[in-house]
Amino acid sequence: MEELSNQVAEAATNNHVPVEQDDEERDPESNSLHQPLLKRNRTLSSSPLAMVGAKVSYIESLDYEINENDLFKHDWRSRSKVQVLQYIFLKWNLAFLVGLLTGLIASLINLAIENIAGYKVLYVVKYIEEKRYLAGLLFFTGTNFVLTLVAALLCVFFAPTAAGPGIPEIKAYLNGVDTPNMYGATTLIVKIIGSIGAVAANLDLGKEGPLVHIGACIASLLGQGGPDNYRIKWSWLRYFNNDRDRRDLITCGAASGVCAAFRAPVGGVLFALEEVATWWRSALLWRTFFSTAVVVVVLRAFIEYCKSGDCGLFGRGGLIMFDVSGVSVRYHVVDLIPVIVIGVIGGLLGSLYNYLLHKVLRVYNLINEKGKFHKLLLALSVSLFTSVCIYGLPFLASCKPCDSSNPEICPTSRGAGNFKQFNCPEGYYNDLATLLTTNDDSVRNIFSINTPAEFDVFSLSIFFVLYCILGLITFGIAVPSGLFLPIILMGSAYGRMLGLAMGPYTKIDQGLFAVLGAASLMAGSMRMTVSLCVIFLELTNNLLLLPITMLVLLIAKTVGDCFNPSIYEIILELKGLPFLDAHPEPWMRNITVGELADVKPPVVTLCGIEKVGRIVEVLRNTTHNGFPVVDEGIVPPAGLPSGATELHGLVLRVHLLLVLKRKWFLHERRRTEEWEVREKFTSVDLAQRWGKIDDITVTKEEMEMYVDLHPLTNTTPYTVVESMSVAKAMVLFRQVGLRHMLIVPKYQAAGVSPVVGILTRQDLRAHNILTAFPHLEKKGKKRH
């Protein structure tokens, strides 16, 4: 978690407490036109503050809606078939590059981790063979300390947004929330190096979550032409200079990251669809699948190349894979009992893990807000504790004799193997040391098949308790970290223990019990079902596992949902990111959007031909991002009363700033010609962000001039009638990916304003509505 003052942290977490700080921590919808911005009224809209990286950031929504103004329509009409084909071709090219670069970077990360962690273990084994136990402890702890220090230093001082998995922020971005500095080049570099250091340091975290963030960073940088300060100014990149196409690319990047982590192309697509993406369409499905296909081809080529022995210690490892295709799965009625038990345990433990992790993250927030030194100290303390436990606990386990009938090499002192000798004599192995090895080897060993007597209950119990503790205290420190691996290790441990207990009563292999345990805990914590099922199916390479895996996932998710939300939703709430849920609360059908508009300050409208002074006044005294454009004195069609007003559309703040910056002023009040607009602006200009009103200087003479807003106004904004329920409006707002929603009156008449109000993301959040209408929550509780 990040460095915050107590007051600001509380504001970001609760997302509704007034904060009287600087200009960037103000409520954009809670001020009337002439009210000072430093003083806020308690209104419907809450403070849009969120923790991103090491700061409390002022959060804005993204403009996913197509802005159909005159310039856009002209640009759309004037596009030739060649330009349309070029646009489509470039989309597929970028999808290819996203998959290619994600696959290459994932391969390099795996190669580096396997070699660093592997050579470290070899040196430790050498010390143990020489009976130099203290020297081995010092070397193991010191190496992990340095690796963690490198990862933490990079995250704390260079890219705080690289800490953590990054998946909650990606979910928020694809939901329509702009998360600042999450996809920059510095974040990408720190994420790559930090992931290598943190995972190689044997910390209880995985590279899977960071790989999703890495894929999203690659996609974002490709779409915008590179880092902010060194962007490529190629003309064809102008097509992607908008939030909609950037959203599609980041979706491809997130799916590619999951594919790179698990070598599961279909699972990666379904993960993006089920877990991170809010908006989806068939064209995006094809491009996302194409990106993951490229990733898996790159990974396969990398694995084939490394079979020649040119990759150091990278052999079977580096990618979490466990092939159980050689196991015959036979079901009996009695087998349903342990499967159901695993599902229930996964749901209970997953919800408990979410609850405890929530408490730990709050404690970490109090520690981290004290400064950068405390962040480093916390990360290094966790590293020392982890190293001592992993090195020292295997000495508690007794040595077990090797089974001569087993075809595998036993014991194995160096390299990969399932029977680690550690401190045991020749012909014996240490089962706990076999589990407490490098992270990926731990997964492969605990999922090993045809080894019913390899691990005893004592060692599995120590392993399970240790990784429960490490899973809670490791996530949240200032290093790139993923939740997949800790949850897989915890779940597989209790799955294997249940397999030992059910051994005499079932023919299901203990390795399969470990797979089911890992799946159940992931479903109980992350609440994923379809994508998780396909990921495990692609990993295990055994279609016969599909029915029992589906059953386990459904049970675990159902049980977990009875207690708390998914872990990613909890993190989103902690960070204060205004995420809109897919399903509205039942009580939202008891209130209309018109009632929401009543508790908000009056909507600020502009005329179609507006005075420059009025525009400057509006921009200086409000932080609204969109303004309805209303024309008065319109001559209506026959049959309507005279003197009607017309809602021409919605003009965005950035476009008003562009007009002031370009000095596109008129000396008299008149409508402009189409050629006048195209002479001054292009559709590419409208996609840019043009700073703040404080950066623009307007003279007194210019204040008396006029601006024709008609050509820049979106003439087709989404509108809802004031009698519509909030539940229905929220579903529309989320599914279409809106930033503004205009409320129009139910009755049209002369003298009646054509717009009642305007709703934003903050207005439709359940917590904010209950702040203004507390009685709704009480009614909802009574009804349930």
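Now for a look at the structure at hand. (Residues numbered from 1 in each chain as written. Predicted model: local features only at pLDDT ≥ 70, side-chain atom pairs only at ≥ 80, totals over all residues. Heavy atoms only, no water.)

Attention shifts here to the overall build of the protein chain. A count of helices and strands for the protein chain gives 29 helices and 14 strands. Contacts in the protein chain between residues at least 24 apart in sequence constitute 78% of all its contacts with a sequence separation of at least 6. Counting only carbon and sulfur atoms, one obtains 61% of the accessible surface of the protein chain, whose full area is about 31,900 Å². (Helix = DSSP H or I, 4+ residues; strand = E, 2+ residues; numbered from the N terminus. Contact = heavy atoms within 4.5 Å. Areas by Shrake-Rupley, 256 points an atom, 1.4 Å probe, with all protein chains shown as cover.)

A few words on the state of the cysteines. Enumeration according to the criterion identifies 2 disulfides in this entry. One disulfide in the model links Cys-306 with Cys-311; its S-S distance is 2.0 Å. Its S-S torsion of about -80° marks the bond between Cys-306 and Cys-311 as left-handed, since a negative value means left-handed. Overall, the relative accessible area of 5% leaves Cys-311 in the buried class. The disulfide partner of Cys-399 is Cys-424, and the gap between their sulfur atoms is 2.0 Å. Given an S-S torsion of about -95°, the disulfide between Cys-399 and Cys-424 has left-handed geometry. On the criterion of sequence distance, the pair formed by Cys-399 in the loop between helix 12 (372-392) and strand 5 (400-401) and Cys-424 in the loop between strand 5 and strand 6 (428-429) is long-range, its members being 25 residues apart. (Disulfide = S-S within 2.5 Å. Buried < 20%, exposed > 50% of the residue type's maximum accessible area, 1.4 Å probe, protein only.)

Applying the stated rule across the entire model yields 14 aromatic pairs. Summarising the aromatic geometry, the rings of Tyr-127 and Phe-139 are spaced 5.9 Å apart at their centres and angled 50° between planes, so their arrangement reads as tilted. Of this pair, Tyr-127 sits in helix 3 (residues 81-129) while Phe-139 is found in helix 4 (residues 133-157), placing the two residues 12 residues apart along the sequence. By relative accessible area, Phe-139 is classed as partly exposed at 27%. Through successive ring pairs, a cluster of aromatic residues spans Tyr-133, Phe-140, Tyr-391, Phe-395 and Phe-422. Between the NZ or CZ atom of Arg-244 and the centre of the ring of Trp-279, over which it lies, the distance is 5.6 Å. Here Arg-247 stacks its cationic end above the ring of Trp-279, 4.0 Å away from the centre of that ring. (Phe/Tyr/Trp six-rings, centres within 6.5 Å; stacked < 30°, edge-to-face > 60°. Lys NZ or Arg CZ within 6 Å of the ring centre and 35° of its normal.)

Below, the discussion takes up the pairing of strand 1 (residues 49-52). Along strand 1, one buried face is formed by Leu-49 and Met-51 and the opposite face, lined by Ala-50 and Val-52, is buried too. Bridge analysis of strand 1 against strand 2 (residues 55-58) gives 4 bridges, and the strand direction is antiparallel. Residue pairing in the sheet places Leu-49 in a bridge with Tyr-58 of strand 2. (Pairing = 2+ DSSP bridges.)

Together, Val-84, Leu-85, Ile-88, Trp-92 and Trp-286 make up an exposed nonpolar region whose accessible area comes to about 520 Å². If one sorts the elements of the nonpolar patch by residue count, helix 3 sits on top with 4 residues. As for its position among the elements, Ile-88 is in helix 3. The class for Ile-88 is partly exposed, based on a relative accessible area of 40%. (Patch = residues over 30% accessible without salt bridge, like charges linked within 9 Å, V, L, I, M, F, W, Y side chains within 5 Å. Salt bridge = Lys/Arg side-chain N within 4 Å of Asp/Glu carboxyl O.)

Okay, the side chain of Arg-496 next. Mapped onto the secondary structure, Arg-496 falls in helix 16 (residues 484-501). Of the side chains bearing the opposite charge, Glu-454 lies closest to the buried Arg-496, which forms no salt bridge; the N-O distance is 4.6 Å. Ignoring anything within four residues of it in the chain, the contact list for Arg-496 reads Asn-445, Ile-446, Phe-447, Ser-448, Thr-451, Phe-455, Leu-460, Gln-510, Gly-511, Phe-513 and Ala-514. (Lys, Arg positive; Asp, Glu negative; His and termini not counted.)

To continue, consider the pattern of salt bridges. Under the defined criterion, the tally for this structure stands at 20 salt bridges. The salt bridge partner of Arg-444 is Asp-441, with a shortest N-O separation of 2.6 Å. With Arg-444 and Asp-441 both in helix 14 (residues 439-446) and 3 residues apart, the pair spans about one turn of that helix. Judged by relative accessible area, Arg-444 falls into the buried class, the value being 11%. Among the residues examined, Asp-441 registers a relative accessible area of 13% and is labelled buried. With its nearest N and O atoms 3.0 Å apart, the salt bridge here joins Glu-676 to Arg-670.

A separate point is the packing of helix 4 against helix 6 (residues 185-200). Across the interface, helix 4 lies against helix 6 with an axial gap of 8 Å and an inter-helix angle of 155°. One element, helix 4, and the other, helix 6, form an angle in the roughly antiparallel class. In terms of crossing hand, the pair formed by helix 4 and helix 6 is left-handed. Each of Asn-144, Leu-147, Ala-151, Leu-154 and Cys-155 in helix 4 lies in contact with helix 6, whose residues at this interface are Val-190, Ile-193, Gly-194, Gly-197, Ala-198 and Ala-200. (Axes fitted to C-alpha atoms, helices over the stretch in contact; angles between N-to-C directions. Parallel < 35°, antiparallel > 145°, perpendicular 65-115°, else oblique. Left-handed = near helix turned anticlockwise from the far one by under 90°.)

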